[in-house]
Every structure is written in structure tokens, then in C-alpha cells.
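# Remarks on the overall topology
Letter by letter, the chains look like this.
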Amino acid sequence: MKIEAIELHRIGMPLVRPFQTSFGVQTKRDVLLVRVLTASGEGWGECVAMADPVYSSEYVAGCEAVIRDYFAPALLRVDVASETVAPTLRFALGHRMAKAALETAVLDAELRAAGVSFAQHFGAVRDRVDCGVSVGIAPSIDELLDEVDGYLDEGYQRIKLKIKPGWDLEPVRAVRELIGDTLLQVDANTAYSLADIDHLQKLDEFDLLLIEQPFVEEDIAAHVRLARAIDTPVCLDESIVSAEVAIDAIERHATSIVNIKAGRMGGYLEAVRTHDVCAELGVPVWCGGMLETGVGRAANVALAALENFTLPGDTSGSSRYFAEDLTEPFVLRDGQLDVPTGPGSGVSVRSELLNDWALRPPIVLRAN
Ligand code: OSB
Ligand code: MG
């Protein structure tokens, strides 16, 4: 397949409520969307990088620059297929979220032309997925409980609380009391250090599904030490940048459950491989999220329909994030989302919104 043009769209979308984590507060998404144009049609990919390099080293303006200066020229020079995008871009280190957006757009174009859905292509085994919700650090315990209560009313099957030093045992205790035996887990986004192991051990009394990424991404050894010290399963997010790293972390007993995010690992093909190796090693996985629009959500929901995604994902309905989504909205029904069935991602970008929400005119890159 020859790519005729790569368009880079940048849009601003306010979040329905501020989302606070240990790495800061977000009130809006600054989204980079990649559109590839080919003779057989178009394809879309969403870049999940945040506006600032605070979750990982990538950030949206950096992704835009590396695509413009390195990745688009390389892809526009050759014939591509979804499986050749990663090898073609391997000359540049890292920048996995930027690479993932491009690979997803190529895959979407390919599958739309072939009439095959992401779910079919990935090997999905279900047509609906169980949904959880990720709840930010709140201004007070009362406000946290109000927010969690609202999500329970909407039918979410699992609550994930963002924690950090100073906001952990108390909110977790209060939420556990409120929600009874509903599934509960916590995410620290690297906010703790080895000195906190005794403190984190106190989370054991709350019967959590898991604790996600307490320590910095490079420090697998620290997670091994924590996993030995507590009963709550340790789950890595930021650390897992490839299937190989997942195998290593599992074999070292640093993680007994894995959060899969395609953007973090360079694309859905690597995400499916990671799902497969985790299944072989008997380790369950769940689908993480990066506050995606409908474009990224569609692909995540398809991924979450694979067999070894046995825990509810951070695949929430569109209304948890945005007053209006960029695509047809994802609506929760009985705590689940339908897996899209149309060709490619199965959703369409509402082009009038792309225009209304644009932060700058689209950048159009062509072979020269
Ligand atoms: O660590 O899982 C995370 C959002 C942005 C960056 C990192 C994370 C998150 C979330 C929200 O927890 C998940 C979602 O609902 O998309
Ligand atoms: Mg996380």
C-alpha cells in the first residue's frame, strides 16, 4: 500500500471534570490525530501522548515533530503494510506513542479497505467488554465519594483510585466502605519509593484487585521487593513498553497482572503480542486508557475483547471524559461497551468537530 499523504490534526477537548493524578491535573485533552490517505481509502490513529511529558517522556508536540521530521518521510518513501510500519520506523529509538498512532492509522486504512474490523483482526472472543473507571485525586473525601457513587449508578463494574503519598489509605478506606465488595484497585503512577513499602503494606486490608505502578518505570527491582512484601497483586503500567519487558517483569515476579496500553508499547500489534505472551505465562491482563477520544477508544475496546483481558478495563463511556465525543459516542450498557463491528475501527470521525476544535490548521505531509 502506498500512502499518498499523512495529515496531522491537533484538537483541544475539555474534560467534563478535572483529572488529577500524582503527575498533575488535566482539565482538557490536547489530541494529535493521524490520518493516512491511500488509493484505497483513509485510516485514522489517535496519539495518546499527554500535552506534557509527565506520564512518560513523550508529549504531544514532540510526537508531532518526530512524525513530521522522521516518521512521515520514512513511511511516504516506501510501500507499507501495518506489519511493516514498526520495522520501517525502528531506525529511531523510542517514541512509541507516535509510532503507534501511525501504525494504527495504516491498520485502519488496510482493514477498512478489506472490510475487516479491528476486533476480528486482533482475534476478539467477545462482543461486549466489562468496564471500569479511573477516578482522579479529589479535593476532598466527600467529593471523591460523590464521584464514585455517580459511577456506580452508571453501572461501572470496577473503581480505580489514583493515589499518591498523603492521598491513599484514607480515600481507599472511605471508598471501600461505600462500595462494599465492588472491585477496587489503585494506581500510583510512580509516586512512591522503596522507603514506602511498609506504608503500602497497609493497603492489604482493603482487598484490592491490584496496585498499579507504585515506583518509577525503570525500577523493576523495586516492584519485585514490594510484590514480596504485600498480598495485594502488583501490576505494571508505565514499565511495560514491549512484550519482552513484560516477559522479563513477569519472570522476575515484579508484576502478576499487566496493564496493556497500545500507545505505550508502540502499537496494537505489540499489544496483541503482549496479551499472547502474558496468556502463555498465565498472567491476566486488562486494557488501560489514556483519556482517548472515540478514535482511540474504538481500538481499545476491540483489544479488550481478546480472551486474556479478564479484568474490567479503563474503557469508560465517552461521557466520563467529554460532553461530546469526536466520533459516535461509546455508551455504557449494563457496565459494558459494545465492541465495534464495522470495518477498521468501526467508528467515524465527525469532520465538522475536527474543524471546530482544531488548535491549528492540519499539517499535510506528502512524498517529495
Ligand atoms: O496511569 O492509567 C494511567 C490517564 C492518563 C495517563 C495515565 C493513566 C490514565 C488513567 C485514565 O488512569 C484511564 C482512562 O480512563 O482513560
Ligand atoms: Mg496507570
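Residues numbered from 1 in each chain as written. Chains lettered and ligands numbered in written order. Predicted model: local features only at pLDDT ≥ 70, side-chain atom pairs only at ≥ 80, totals over all residues. Heavy atoms only, no water.

## So, the sheet that holds strand β8 (residues 211-212)
- Across the sheet, 7 strands lie side by side as β5-β6-β7-β8-β9-β10-β11; this open sheet has parallel pairing. Bordering the open sheet on either side are β5 (132-135) and β11 (285-287), each of which pairs with just one other strand.
- The strands touched by helix α8 (residues 220-229) within the sheet are β8 and β9 (234-236), with β9 carrying the most contacts at an inclination of about 160°.
- Helix-sheet contacts for helix α10 (residues 268-280) involve β10 (257-260) and β11, and the interaxial angle to β10 is about 170°. (Pairing = 2+ DSSP bridges. Helix = DSSP H or I, 4+ residues; strand = E, 2+ residues; numbered from the N terminus. Contact = heavy atoms within 4.5 Å. Axes fitted to C-alpha atoms, helices over the stretch in contact; angles between N-to-C directions.)

## Observations regarding unusual backbone geometry
- The phi dihedral of Asn-189 falls on the positive side, at around 45°, and the residue is not glycine.
- Its place among the elements puts Asn-189 in the loop between β7 (183-187) and α7 (197-201).
- Residue Asn-189 is classed as buried on the basis of its relative accessible area, which comes to 4%.
- With phi around 50°, Asp-334 is a residue other than glycine that occupies positive phi space.
- Summarising the element assignment, Asp-334 is placed in the loop between α11 (294-304) and β12 (336-338).
- Looking at Asp-334, the relative accessible area reads 68%, which means it is exposed. (Buried < 20%, exposed > 50% of the residue type's maximum accessible area, 1.4 Å probe, protein only.)

## With respect to the pattern of salt bridges
- Tallying each qualifying case throughout the model produces 23 salt bridges.
- One salt bridge connects Asp-30 with Arg-10, and the closest N-O pair in it is separated by 2.6 Å. Here the residue Asp-30 occupies a position in strand β2 (residues 24-38), and Arg-10 occupies one in strand β1 (residues 3-21), the gap between them amounting to 20 residues. Summarising the burial analysis for this pair, Asp-30 and Arg-10 share the class buried. (Salt bridge = Lys/Arg side-chain N within 4 Å of Asp/Glu carboxyl O.)

## Observations regarding the domain arrangement of the protein chain
- As far as domains go, the protein chain holds domain 1 (3-114 + 350-366) and domain 2 (119-338).
- A separation of 23 Å is found between the C-alpha centroids of domain 1 and domain 2.
- With 35 residues of domain 1 in contact, the opposing surface of domain 2 contributes 43 residues.
- With both chains or domains summed, domain 1 and domain 2 bury close to 3200 Å², and 66% of this area falls on carbon and sulfur atoms.
- Across the domain 1-domain 2 interface, the total number found is 2 salt bridges.
- The partner of Glu-324 in a salt bridge is Arg-350, with the nearest N and O atoms 2.8 Å apart.
- Summed over the shared surface of domain 1 and domain 2, the number is 16 residue pairs in polar contact (both at pLDDT 80 or more).
- Breaking the side of domain 1 that touches domain 2 down by element, the ones donating at least two residues are β1, β2, β3 (41-47), α2 (82-89), α3 (96-114) and α12 (351-356).
- Considering every element that reaches the side of domain 1 that touches domain 2, the biggest residue donor is β1, with 9 residues. (Domains from an automatic or database assignment. Buried area = accessible area lost by both parts, 1.4 Å probe. Polar contact = N/O pair within 3.5 Å; in protein donor to acceptor, adjacent residues only side chain to side chain.)

## Considering the packing of aromatic side chains
- Scanning all chains against the criterion turns up 6 aromatic pairs.
- Taken together through their ring pairs, the aromatic side chains of Phe-118, Phe-122 and Tyr-268 make up a single cluster.
- The ring of Trp-286 is capped by Arg-158, whose NZ or CZ atom sits 5.3 Å from the centre of that ring. (Phe/Tyr/Trp six-rings, centres within 6.5 Å; stacked < 30°, edge-to-face > 60°. Lys NZ or Arg CZ within 6 Å of the ring centre and 35° of its normal.)

## Some thoughts on the coordination of the magnesium ion (ligand 2)
- The protein atoms that coordinate the magnesium ion (ligand 2) are Asp-187 (OD), Glu-212 (OE) and Asp-237 (OD), at distances spanning 2.0 to 2.3 Å.
- Here the donor residues for the magnesium ion (ligand 2) map to a single chain with the spacing D-x24-E-x24-D. Here Asp-237 lies in the loop between β9 and α9 (243-251) and Asp-187 lies in strand β7, a separation of 50 residues in the sequence. (Donors = N, O, S within 2.8 Å, 3.2 Å for Na, K, Ca; no water.)

## Quick word on the layout of surface pockets
- Its boundaries defined by the atoms lining it, the largest pocket holds a volume of some 330 Å³.
- Around the largest pocket, the lining is made up of 19 residues, and of these Ala-86, Arg-90, Arg-96, Lys-99 and Met-265 lie nearest the centre.
- Elements with a minimum of two residues in the lining of the largest pocket: α2, α3 and α10.
- Here the lining of the largest pocket is built from residues that sort into 8 nonpolar, 4 polar and 7 charged.
- Of the domains in this structure, domain 1 (3-114 + 350-366) and domain 2 (119-338) are the two that each give at least three residues to the lining of the largest pocket.
- Together, 15 residues line the second largest pocket, and Ser-56, Ser-57, Glu-58, His-95 and Arg-96 are the ones closest to its centre.
- Of all elements in the fold, only α1 (60-76) and α3 reach the threshold of two or more residues within the lining of the second largest pocket.
- Of the residues belonging to the lining of the second largest pocket, the class tally is 5 nonpolar, 5 polar and 5 charged.
- Taken together, domain 1 (3-114 + 350-366) and domain 2 (119-338) each give at least three residues to the lining of the second largest pocket, which thus spans both. (1 Å grid on protein atoms, 1.4 Å probe; cavity = no way out; pocket = protein on both sides within 12 Å on 5 of 7 lines; lining within 4 Å. Points joined across faces, edges and corners; volume = space filled by probe spheres on them. Nonpolar A, V, L, I, M, F, W, Y, C, P; charged D, E, K, R; others polar.)

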